[in-house]
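Here is what each chain is made of, one letter per residue.
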Amino acid sequence: MKTYQKIITYGAIVAGSLGLSGCGNEGSKGDLLIGRNYVATANLDRNNLRDVAIGDGNGNIYVLWNKGDGSFDKQHVGNMIIGRTPIATGDMNGDELEDIVATDGNGKLHIFYNNGDRSFRKDQF
Ligand SMILES: [Ca+2]
Ligand SMILES: [Ca+2]
């Protein structure tokens, strides 16, 4: 039940970001994600707390690492260069680490393979 409540909290934060309110940045609310953002949740560092992956309107991919106290650490993961960045999460290579999948404005598919240490390696198709 507690996990469910946290997911609802994410939804509120993400919805807030669409209206130009803050997303967590090392626990603060001062950093903005402007414009239409795409979001997905997954436990990307396997610490039993679901994290938030965000693709913004400028081709950037971010992860908000869940600190478990209602705040998040924001990390820039990569840039698609072109356009909006719809994303999804899933384990694409069977290593039991959730990866981030994104498409760019040219219809190319990008996979950010999770290294398990809060870093990612990008592959493009
Ligand atoms: Ca996590
Ligand atoms: Ca994986």
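From a predicted model like this one, the values you see are computed outputs, not experimental measurements.

Colleague: Any chance you could explain the sheet that holds strand S3 (residues 38-42) here in plain terms?
Modeller: Adjacent strands of a sheet form backbone hydrogen bonds with each other and so pair up, either parallel or antiparallel. Strand order in the open sheet formed by four strands is S3-S4-S5-S6, and the pairing between neighbours is antiparallel. Two strands bound the open sheet, and with one partner strand each, they are S3 and strand S6 (72-79). The mean inter-strand angle of the sheet, taken between neighbouring strand axes irrespective of direction, is 20°. Pairing of strand S4 (residues 51-55) with strand S5 (residues 60-66), which is carried by four bridges, proceeds in the antiparallel orientation. Of the residues in S5, the one forming a bridge with Val 52 is Leu 64.

Colleague: Would you mind going over the confidence of the model for the chain with me for this structure?
Modeller: For residues with low pLDDT, the predicted coordinates do not support detailed interpretation. The predicted model of the chain has a mean per-residue pLDDT of 78, with 73% of residues at 70 or higher. Within the chain, no element has a lower average pLDDT than strand S1 (residues 22-25), which sits at 38, and none a higher one than strand S7 (residues 87-90), at 96. Across residues 1-30, confidence stays below pLDDT 50; counting only partners more than four residues off in sequence or on other chains, it has 38 contacts.

Colleague: How should I be thinking about the nonpolar core in this particular structure?
Modeller: The nonpolar side chains of a soluble globular protein tend to be buried with one another. Counting residues in each nonpolar core, the largest one holds 19 residues, and the members touching the most others are Ala 53, Ile 61, Val 77 and Ile 100. Only S3, S4, S5, S6 and strand S8 (99-103) provide two or more residues apiece to this core. A total of four residues in this core trace back to one element, the largest contributor, which is S5. Setting aside anything within four residues of it in sequence, one finds Ala 53 in contact with Val 39, Ala 40, Ala 42, Ile 61, Val 63, Ile 87, Thr 89 and Ile 100.

Definitions and cut-offs
- Residues numbered from 1 in each chain as written.
- Chains lettered and ligands numbered in written order.
- Predicted model: local features only at pLDDT ≥ 70, side-chain atom pairs only at ≥ 80, totals over all residues.
- Pairing = 2+ DSSP bridges.
- Helix = DSSP H or I, 4+ residues; strand = E, 2+ residues; numbered from the N terminus.
- Axes fitted to C-alpha atoms, helices over the stretch in contact; angles between N-to-C directions.
- pLDDT = per-residue confidence, 0-100.
- Contact = placed C-beta atoms within 7 Å.
- Core = buried A, V, L, I, M, F, W, Y, C linked by C-beta atoms within 7 Å.
- Buried ≥ 20, exposed ≤ 12 C-beta atoms within 10 Å, placed from the backbone.

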